[in-house]
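Breakdown of the fold
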Amino acid sequence: MNALRQRKPSYLNPSVETDIECLSLIPTSNPTNDKDRDEISKVINRNEELENLVVSLKQLLRKCRYREKKILVALHNFGGEAALNDLESEFLTEVDEQIFTEVAPTFFENATFLENMINRSGWLIGLLIFQSCSSFILSSNESLIQSHPNIIYFLTMLVGAGGNAGNQATVRVIREIAVGSLNDKTRWPYIFREFAMALSLAIIIGVFGMIRVSLFSSISTLEAISITIALMLIVFISVVIGALLPIFFQAVHLDPANSSTTIQVIMDISGVLITCLVASTLLDSSFGHILLQQLHLT
């Protein structure tokens, strides 16, 4: 009983310590009746229950702080409104050294520098090889490029618009996944909303793209229409793919963060392909000549 009195965990709150101090009211001599034995048993059982409760609460607190740190790092890395430096003082300084030491290996994925380098370089090399496919698309449309060189002048604008729109959609999905708001119940409404957003952005960007192309005095009207249609298709497709790619990566147990670089390469190739297809259809085909005659364009 003397040892039990001296046992006073430092992490217990005052109310719990008070319960333990109540042991001093129990006689130190051996109990002589059943009532004393029952009182001692109740106090000991309650002390054990409180200690188990405190351990469970500390574990829950550790998990909550770990999740908070993951959310903030994700927001910081993927362009969220909250930066890690702005918010770390609010709770990271409250994390004691023991909790941070236990969480850190899992938090940083327990990967060495070499493992991270191999993983990241593997993705970049694969994307580099995949991105080189755009050269085959351009070489197969060499006659189109020679007859309509203005298309090449705006190719970087078209490809860049697709990459920007797709990456914007991808980053937003990654942020939703990081904060836990994108789940089984909200996934399909979010996808449908992104489809509507893709259509709206395609129209808006297409209008401004048409204005930009029209300022280029040496371009024909049909070429301007071709570039505008290609721009609208690229933006629409990039937003849709950008929204679906992180969800797909998560479903196949890949890191959704890699989708932000993957969408750039996908839209680089898709942008070149869509531009060449639209331009060849409207400029170097019978359909284009019929359209030119119907619209009386020169």
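Residues numbered from 1 in each chain as written. Predicted model: local features only at pLDDT ≥ 70, side-chain atom pairs only at ≥ 80, totals over all residues. Heavy atoms only, no water.

A few words on the nonpolar core. If you look at the biggest cluster of nonpolar residues, it comprises 30 residues, and the most contacted ones within it are Leu-158, Val-213, Ile-227, Val-235 and Val-239. Broken down by secondary-structure element, the contributors of at least two residues to this core are helix H10 (155-179), helix H11 (187-214), helix H12 (221-251) and helix H13 (259-283). Residue contacts for Val-213: discarding those within four places in its chain leaves Phe-154, Met-157, Ile-219, Ala-224 and Ile-227. The next biggest cluster of nonpolar side chains, apart from the first, holds eight residues, and it includes Ile-137, Val-159, Ile-269 and Val-272. (Core = buried A, V, L, I, M, F, W, Y, C linked by side-chain atoms within 4.5 Å. Buried < 20%, exposed > 50% of the residue type's maximum accessible area, 1.4 Å probe, protein only. Helix = DSSP H or I, 4+ residues; strand = E, 2+ residues; numbered from the N terminus. Contact = heavy atoms within 4.5 Å.)

One can describe the packing of H10 onto H11 by two numbers: an axis separation of 12 Å at closest approach and a directional angle of 155 degrees. The orientation of H10 relative to H11 falls into the category roughly antiparallel. You can see that H10 and H11 cross each other, and the crossing is right-handed. Between H10 and H11, the contacting residues are Met-157, Gln-168, Ala-169, Arg-172, Val-173 and Glu-176 on the first element and Tyr-190, Glu-194, Leu-201, Arg-212 and Val-213 on the second. Split by residue class, the contact of H10 with H11 holds six nonpolar, one polar and four charged. (Axes fitted to C-alpha atoms, helices over the stretch in contact; angles between N-to-C directions. Parallel < 35°, antiparallel > 145°, perpendicular 65-115°, else oblique. Left-handed = near helix turned anticlockwise from the far one by under 90°. Nonpolar A, V, L, I, M, F, W, Y, C, P; charged D, E, K, R; others polar.)

Considering all chains together, one arrives at one salt bridge under this definition. The residue Arg-187 makes a salt bridge to Asp-184 at a minimum N-O spacing of 2.9 Å. (Salt bridge = Lys/Arg side-chain N within 4 Å of Asp/Glu carboxyl O.)

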